[in-house]
Amino acid sequence: MPKWKRSGVTLIGIVVLLVVIEAVDVGMNDKLNQYGIVPRRVSGLDGILWAPFLHADFAHLIGNLIPGVVLGFLLLMAGRFLSVTAVVWVVSGFGVWLTAPAGSVTIGASGIVFGWLAYLLVRGLFNRDVWQVLGGVILLAVYGGILWGVLPQGGGMSWQGHLFGAAGGVLAAWMLSDRAKNARPELSARPELKGGSQ
C-alpha cells in the first residue's frame, strides 16, 4: 500500500477513535472529562496520558481535528509521527501539569496539534533543508494565525498546553534533526586499539 494511503488510513483510525470517545463521553454526561490533567497533584499525572483523547464537546473536538488531520498527515508522510508525537505529548502534558491554574482540569489534543505545527515549521532550519523550510513557510502562511494561542487568553483556553506543545515540537525538531543524529558518536562493534605493538 502506498505511503499516502497508509497515512490516510492511520488518520481515519485516529479520527474515528476520538469521535467514539467523545460520543461515549456525551452519553456519560461528560464524566470522562474528569480524567484530564489536574495540575501539581500526583493523582493528576495520569491525565497527561488521557487528556488528548478527551474534549469538552464535539465543537472542541472538531476545532482540533480540522488542523490536526492536515498536520498529522504531513507528519505521517515525513515518517516522524510516533517520535514527534511522543515528545510533544510528554512536554505539553508536563508543562500543563506544572503551570496550569490550581483546581483546573485540562483536556484536549490542541497541545499535540501545536507541537505538530511547530515541528513542521522549524524542522527545515535544524536540517538545513531548503524544501522543508519552504514547506514551513507555506504552513506558517496557512496556520500561523493559530500560534497566537500560545499567549495567555481568557475563556478557559489552555494556552499552557499550546505553549508547551509548541515547545515540544521545537525540541523534537532539534532532537530528530539530521545534524543532531550525525553529532552522536557511533559505537563500533570492536573498539579500535591504539598504540604500537610490544
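Q: What is the right way to read helix α6 (residues 130–143) from this model?
A: Every α-helix carries 3.6 residues per turn, so stepping three or four residues along brings you back to the same face. With 14 residues, α6 ought to run about 20 Å at 1.5 Å a step, and its terminal C-alpha atoms sit 20 Å apart, in line with that. If you check which residues of α6 are buried, you get Gln132, Gly136, Leu139 and Tyr143. Seen from one end, α6 has its buried residues packed into an arc of 65°, which puts them on one side. Away from its buried face by more than 90 degrees, α6 exposes Val130, Trp131 and Ala141. Contacts from the buried residues of α6 go to α3 (58–78) and α5 (110–127). The N-cap of α6, judged by a side-chain oxygen 2.9 Å from the amide nitrogen of tryptophan 131 a few residues on, is aspartate 129.

Q: Teacher, can you tell me more about unusual backbone geometry here?
A: Note on backbone geometry: most residues besides glycine have negative phi, and most peptide bonds are trans. The phi dihedral of asparagine 29 falls on the positive side, at around 55°, and the residue is not glycine. Inspection of the secondary structure assignment puts asparagine 29 in the loop between α1 (3–27) and α2 (47–50). Despite not being glycine, arginine 128 has its phi angle at roughly 55°, a positive value. You can see arginine 128 is positioned in the loop between α5 and α6.

Q: How should the packing of α3 against α5 be read in this particular structure?
A: The angle between the axes and the distance between the axes are what describe a pair of packed helices. It is the contact of α3 with α5, at a shortest axis distance of 9 Å, that shows an interaxial angle of 45°. As far as their axial angle goes, α5 and α3 are oblique. Pair α3 / α5 crosses with left-handed handedness. Each of Asn64, Pro67, Gly68, Leu71, Gly72, Leu74, Leu75 and Ala78 in α3 lies in contact with α5, whose residues at this interface are Ser110, Val113, Trp116, Leu117, Tyr119, Leu120 and Arg123.

Q: Mind showing me how you'd approach the environment of leucine 171 here?
A: With respect to the helices and strands, leucine 171 occurs in helix α7 (residues 159–175). According to the relative accessible area criterion, leucine 171 is partly exposed, its value standing at 33%. For the pair leucine 171 and valine 122, spaced 49 residues apart in the sequence, the C-alpha separation amounts to 9.9 Å. Not counting residues within four places of it along the chain, the set of residues in contact with leucine 171 comprises Val87 and Val91.

Q: Explanation requested: a nonpolar patch on the surface in the structure shown.
A: A surface patch of nonpolar side chains, amounting to about 660 Å² of accessible area, comprises Val130, Trp131, Leu134, Val137, Ile138 and Val142. Tracing the backbone shows valine 142 in helix α6. Exposure remark for valine 142: the relative accessible area of 56% places this residue in the exposed category.

What counts as what
Residues numbered from 1 in each chain as written. Predicted model: local features only at pLDDT ≥ 70, side-chain atom pairs only at ≥ 80, totals over all residues. Heavy atoms only, no water. Helix = DSSP H or I, 4+ residues; strand = E, 2+ residues; numbered from the N terminus. Expected span 1.5 Å × (residues − 1). Buried < 20%, exposed > 50% of the residue type's maximum accessible area, 1.4 Å probe, protein only. Arc of directions from axis to C-beta. Contact = heavy atoms within 4.5 Å. Polar contact = N/O pair within 3.5 Å; in protein donor to acceptor, adjacent residues only side chain to side chain. Axes fitted to C-alpha atoms, helices over the stretch in contact; angles between N-to-C directions. Parallel < 35°, antiparallel > 145°, perpendicular 65-115°, else oblique. Left-handed = near helix turned anticlockwise from the far one by under 90°. Patch = residues over 30% accessible without salt bridge, like charges linked within 9 Å, V, L, I, M, F, W, Y side chains within 5 Å. Areas by Shrake-Rupley, 256 points an atom, 1.4 Å probe, with all protein chains shown as cover. Salt bridge = Lys/Arg side-chain N within 4 Å of Asp/Glu carboxyl O.

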